[in-house]
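Analysis of the macromolecular model
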Amino acid sequence: MTPRKRRRLMIGIAGLACLGAAAGLVLSSLGDQLVFFLSPTEIVEKAPPPTQRIRIGGLVEQGSVVRSDDGTTVAFNITDLATSVHVTYRGILPALFREGQGVVAEGHRQPDGTVKAAEVLAKHDETYMPKEVVESLKASGRWQEGDPLPSAPHPGTEAAVTR
Amino acid sequence: MMLTRLANPTRFMRLADRLLPWLAAATVLAFAAGLVWGLGFAPPDYQQGDTVRIMFVHVPAAWLAMFGYSFMAVASFVALVWKHPLADVAAKAAAPLGAGFCLIALITGSLWGEPMWGTWWVWDARLTSMLVLFFLYVGYIALWSAIDEPERAARAAAILALVGAVNVPIVKFSVDWWSTLHQPASVIRMDGPTIDASILWPLAINALAFQLYFVTVLLWRMKAELIGRRIRALTLGIAAREA
């Protein structure tokens, strides 16, 4: 390597290192600002004022969904399995909404600690399986729908389960 | 060394000409197999039903958008440090390809988000960083066409490509570092893929098809760029002689 090339290489590496350090500092100082939603525990801890628009994310607690008689209003708990927050919502729910499903609700925290949502989004997990595999996993007791972290079958292993 | 041998554009073009028919055929075959399998025969997902088929386009497009930018950044580094004559040609040729993949990932993601999440778009860390990636591609292409002289344009664009490269790990790890609406990685993760083999295989073949398309069109575009530069040099030579 010629001295000029070596000099350019050094400058290049030093430049990239500075850039990486700067980006790292910016990201770590932004930290909390970049999250899309807060967990129920964080909502209870921070207790944001009712004027502040917040997003709360977690699982729809099993057995907590109550629909009003006219079907337009729904109430449920969002849980992170440590804390639950009661949420009320009036509007159309996404198709994936059900008990045990991950959801993100956007709205305002009421003085009584519940959240009045203006929008509810479904959050699906990173597991993709055909129906038959899910059914056989359930039958063998290896996985329950709505588990926070489904023990995903690794490719190649589920063939044994399906049979 | 292979790279030094290919520094001769004529030698590179001869190699590209020999490879291109095979690459093009392989691309068509992989696309045919991957899309037919994925869209026609792969099983529907237990939660998402047939909507999951969007994944066979969305995920490879997103991977290639990130691969394209990484390729561009490495080529730009090589161009700046070693002045390899093909490096800036390669980086320039990769940009519109990566931008196209990025746009496909954004659009298919939006089409997927509406039925599944209940929204076309949210400003979470993954979606926002992917949009930034698209703008970086567009900025890179704009910078190339804003400066007439190829040497100066290459330098400026290479620096932009390297600065923008910090966004690539942010796109990849955004779903792990912050809470996002987008779910975490399904395939490239420490504990192995969380996709059943019956869906993972057609996804892998589509990813191969997208990758082959990238390499094929990249070689074509590099050839076109080299020929374009040769024409430019000849025209300038004729103009100088006539003057």
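A short tour of the structure in this document, coming up. (Residues numbered from 1 in each chain as written. Chains lettered and ligands numbered in written order. Predicted model: local features only at pLDDT ≥ 70, side-chain atom pairs only at ≥ 80, totals over all residues. Heavy atoms only, no water.)

Notes on the interface of chain A and chain B
- Counting residues at the interface gives 42 residues for chain A and 48 residues for chain B.
- Summed over both partners, the interface of chain A with chain B comes to about 3700 Å²; 63% of that surface belongs to carbon and sulfur atoms.
- On the surface where chain A and chain B come into contact, there are 16 residue pairs in polar contact (both at pLDDT 80 or more).
- At the level of secondary structure, the elements contributing two or more residues to the side of chain A that touches chain B comprise helix 1 (3–30), strand 6 (115–123) and helix 3 (131–139) of chain A.
- Among the elements that make up the side of chain A that touches chain B, the one with the highest residue count is helix 1 of chain A (nine residues).
- Grouping the amino acids of the side of chain A that touches chain B by side-chain chemistry returns 27 nonpolar, seven polar and eight charged. (Contact = heavy atoms within 4.5 Å. Buried area = accessible area lost by both parts, 1.4 Å probe. Polar contact = N/O pair within 3.5 Å; in protein donor to acceptor, adjacent residues only side chain to side chain. Helix = DSSP H or I, 4+ residues; strand = E, 2+ residues; numbered from the N terminus. Nonpolar A, V, L, I, M, F, W, Y, C, P; charged D, E, K, R; others polar.)

Some thoughts on helix 5 (residues 125–146) of chain B
All names here are of chain B.
- Over its 22 residues, helix 5 runs 31 Å from end to end, which matches the ideal 32 Å to within 8%, given 1.5 Å per residue.
- Inspection of helix 5 places Ala125, Arg126, Leu127, Ser129, Met130, Leu131, Leu133, Phe134, Leu136, Tyr137, Tyr140 and Trp144 among the buried residues, and these make up the whole buried set.
- Here the buried face of helix 5 lies against helix 3 (55–82), helix 4 (87–116), helix 6 (150–164), helix 7 (167–177) and helix 8 (197–242). (Expected span 1.5 Å × (residues − 1). Buried < 20%, exposed > 50% of the residue type's maximum accessible area, 1.4 Å probe, protein only.)

Focus on the packing of helix 3 of chain B against helix 7 of chain B
All names here are of chain B.
- At a minimum axis distance of 10 Å, the contact between helix 3 and helix 7 shows a crossing angle of 155 degrees. One way to sum up the angle between helix 3 and helix 7 is to call them roughly antiparallel. Where helix 3 crosses over helix 7, the two elements pack in a sense that is left-handed. Residues Met66, Tyr69 and Ser70 of helix 3 form the contact with helix 7, whose participating residues are Val168, Val171 and Lys172.
- Residues of the contact of helix 3 with helix 7, tallied by class, amount to four nonpolar, one polar and one charged. (Axes fitted to C-alpha atoms, helices over the stretch in contact; angles between N-to-C directions. Parallel < 35°, antiparallel > 145°, perpendicular 65-115°, else oblique. Left-handed = near helix turned anticlockwise from the far one by under 90°.)

Details of the packing of aromatic side chains
Residues and elements named next belong to chain B.
- Inspection of every chain in the model, using the stated rule, returns 15 aromatic pairs over all chains.
- Measuring from centroid to centroid gives 5.6 Å for Trp177 and Trp178, while their planes differ by 85 degrees, and the two rings are edge-to-face.
- Residue class for Trp178 comes out buried when judged on its relative accessible area of 10%.
- An aromatic cluster of three or more residues is present, and its members are Phe31, Phe101, Phe210 and Tyr213. (Phe/Tyr/Trp six-rings, centres within 6.5 Å; stacked < 30°, edge-to-face > 60°.)

Concerning the pattern of salt bridges
- All told, the structure shown has nine salt bridges over all chains when counted by the stated rule.
- The partner of Arg55 of chain A in a salt bridge is Glu106 of chain A, with the nearest N and O atoms 3.3 Å apart. Highlighted residues: Arg55 of chain A in strand 1 (residues 53–60) and Glu106 of chain A in strand 5 (residues 102–109), separated in sequence by 51 residues.
- Its relative accessible area of 27% is what places Arg55 of chain A among the partly exposed residues.
- The partner of Asp50 of chain B in a salt bridge is Arg53 of chain B, and the shortest N-O contact between them spans 2.8 Å.
- The exposure class assigned to Asp50 of chain B is partly exposed, which follows from its relative accessible area of 48%.
- By relative accessible area, which is 15% here, Arg53 of chain B ends up buried. (Salt bridge = Lys/Arg side-chain N within 4 Å of Asp/Glu carboxyl O.)

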